[in-house]
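Topology and contacts: notes
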Amino acid sequence: MENEFKHLQSAHCENGVTTNLLKTIGVNKLTEPLTFGIGAGLFFVHLPFLKINNGPAIAFRAMPGLIFKRNCDSLGIPVERKKFSSKESAKKYLDERILSGKPVGCQVGVYYLTYFPKEYRFHFNAHNIIVYGKEGDRYLISDPVMEDVTSLSSYELERVRFAKGALAPRGQIYFPKEEKIVTDEMIANAIVKGIRKNIFYMTGIPGDVVGTNAIKGTGKKIKKWRDKLGQKTAGLYLAQLVRMQEEIGTGGGGFRYIYAAFLQQAHAFHPKDELLEISKTFTQSGDIWRNAAVQAAGIYKGRIGSQADFDVMGDYLLQIAEIEKNAFRALSKIKWHS
Amino acid sequence: MKKEDIPQDDGALNKLTKEVVYAVDSLGNYSTELSTGWEIKTTALDVAWKDIEQRIENARQKVLTNEASPILFFMELRLMDIGIVSAYTGFWKFTIKQHLKPAIFRKLADNKLRKYAEAFNISIEELKTMNVHGE
């Protein structure tokens, strides 16, 4: 069946699903950067001891699901979120919802996501798509990272909804429960909430597992990778860092550019000139992340690889940690209601 | 990143879509642009896949020299670790480690082999012989 769902491409899947789903209940003013900022999406985490795909467990963004949740919480939109133990009930629930003309967000694994190129199909279970209709046996899919909509057979959709392993989706679907009028004032308040949350997650947690401390910690670790892991594995680790930072979904520079765009757009709701200045700082940080990626590439391509080259790489991250710490400190000093 | 610096290199993703990136114009204002890819990250992905291919080949050799059962080969081929194999088959990790031993693998009943075959999306015959067709 047809409905009026409108597909809009975004850099990151969860931003896109959130923005596009909220549009279906009449919230039209949220852009991808606003959604990302209100969702306090900017992050850095480096989990010790754990490995993902035989490389370091590093992420540049908040835990999957949080961006949608924080947006709806901050804007007072009630959310329905369901997981399923059986494939039959998962399909039945989805069908009923879609037949009533209501699109839903779906968490899926990408390993069996047939329309993805083979090179991108890892066991990554936190991809988000919107299912917005059904024609015969095919579900109509809006994957926000793609330019156009696509479709999956019921078998293909079931397989990705019930992918197994870390962050297994267990058929999870979610959607805003009812229409809601969201005023500019509500968005303005949500922006402040999102920024405060992001300040806390990036600078308020002790230890060096998350936030700017973790960026610094990773910078120091990188300097030791050459001796500790050997040239080849160190190169693989750096390649993994670059993929987490630059791969599809990040908008470039480890989400830093999206965050800079968010601060610019926030200025329309809060005319504080500091926002524009701090936006520039995040652009600068994103640029250094990309310079670091170029340095890393020199190492994993085998073009360079001396200890001095690893030191340069590590120093980039130390520099970024300092810049971002100061940027968040500047954000925390803004007087919102004066 | 400035608009004119957005890389338009080739990459695997290009088969599917261009991707959205954020960049500033000459006035410093952000907007979205499309990019076909960036050589730096294409190489990062290539490096990861070369490593995977090496791991698959090492696993194949281990099976041929009787150091491991074919489960190891398919585990690498399907980019899985023991945790993921455990989630798909329902076997405990400890049990899977036992099944990785060739002598124990050879005595496995068909109902257990079937669970592995399903997890790897192959037939029992393919599981035993490491000959795999298709996906």
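One numbering rule holds for all chains: residues counted from 1, following each sequence as written. Each chain gets a letter, beginning with A, and each ligand a number, beginning with 1, in the order they are written. Reporting of local features is limited, given that this is a predicted model, to residues whose pLDDT is at least 70; pairs of side-chain atoms are given and counted only at 80 or more, and all residues count toward the totals for whole chains, interfaces and linings.

What follows covers the overall build of chain A. Each helix is a run of DSSP H or I of at least 4 residues and each strand a run of E of at least 2, with the numbering of both proceeding from the N terminus. Of the regular secondary structure elements, chain A holds 10 helices and 8 strands. Counting only C-alpha atoms, chain A reaches 60 × 50 × 30 Å along its principal axes. Counting other C-beta atoms within 10 Å of its own, a residue is labelled buried from 20 upward, exposed at 12 or fewer, and partly exposed in the gap between, with every C-beta atom placed from the backbone. Looking at chain A as a whole, 49% of its 338 residues are labelled buried. Taking all contacts inside chain A whose residues are at least 6 apart in sequence as the whole, residues at least 24 apart take part in 70%. C-beta atoms are first placed from the backbone for all residues, and any pair lying within 7 Å is then listed as a contact.

A word on the sheet that holds strand 6 (residues 138–142) of chain A. Picture the strands of a sheet paired through backbone hydrogen bonds; they go either parallel or antiparallel. All names here are of chain A. When DSSP locates at least two bridges between a pair of strands, those strands are taken to pair. Strand order in the open sheet formed by 6 strands is 3-8-4-5-6-7, and the pairing between neighbours is antiparallel. Both outer strands of the open sheet, strand 3 (79–82) and strand 7 (150–153), are each paired with one neighbouring strand and no more. Taking the axes of each pair of neighbouring strands and ignoring which way they run, one obtains an average angle of 35° across the sheet. Examined bridge by bridge, strand 4 (residues 104–108) and strand 5 (residues 127–135) share 5 bridges and lie antiparallel to one another. The residue of strand 5 that forms the bridge with Q107 is N128. Helix axes are fitted only over the stretch in contact, all axes being lines through C-alpha atoms; the angle between N-to-C directions runs from 0 to 180 degrees. Its contacts with the sheet put helix 5 (residues 154–161) on strand 4, strand 6 and strand 7, and the angle it makes with strand 7 is roughly 90°.

A few words on helix 3 (residues 82–89) of chain B. Residue and element names in this part refer to chain B. Within helix 3 the residues assigned to the buried category are I84, V85, Y88 and T89. End-on view of helix 3: buried residues confined to an arc of 120°, all on one side of the axis. Summarising the contacts, the buried residues of helix 3 are in contact with helix 2 (70–77), helix 4 (93–99) and helix 6 (110–120). Following helix 3 by one or two positions, G90 has its phi on the positive side, about 85°. Note that the arc is defined by the directions from the helix axis to the C-beta atoms.

A few words now on the interface of chain A and chain B. Taken together, the contact pairs 42 residues of chain A with 31 residues of chain B. Counting residues per element, the side of chain A that touches chain B draws most heavily on helix 9 (residues 273–300) of chain A, which supplies 8 residues.

Nonpolar side chains in soluble globular proteins tend to be buried together. With 107 residues, the main nonpolar core has V131(A), L238(A), V242(A), I258(A), Y259(A) and A296(A) as its most contacted residues. Top contributing element to this core by residue count: helix 7 (residues 211–246) of chain A, with 12 residues. Note on definitions: a nonpolar core is a set of buried residues drawn from Ala, Val, Leu, Ile, Met, Phe, Trp, Tyr and Cys, linked by C-beta atoms within 7 Å. Residues A59(B), L72(B), M80(B) and I122(B) belong to the second largest nonpolar core, which totals 19 residues.

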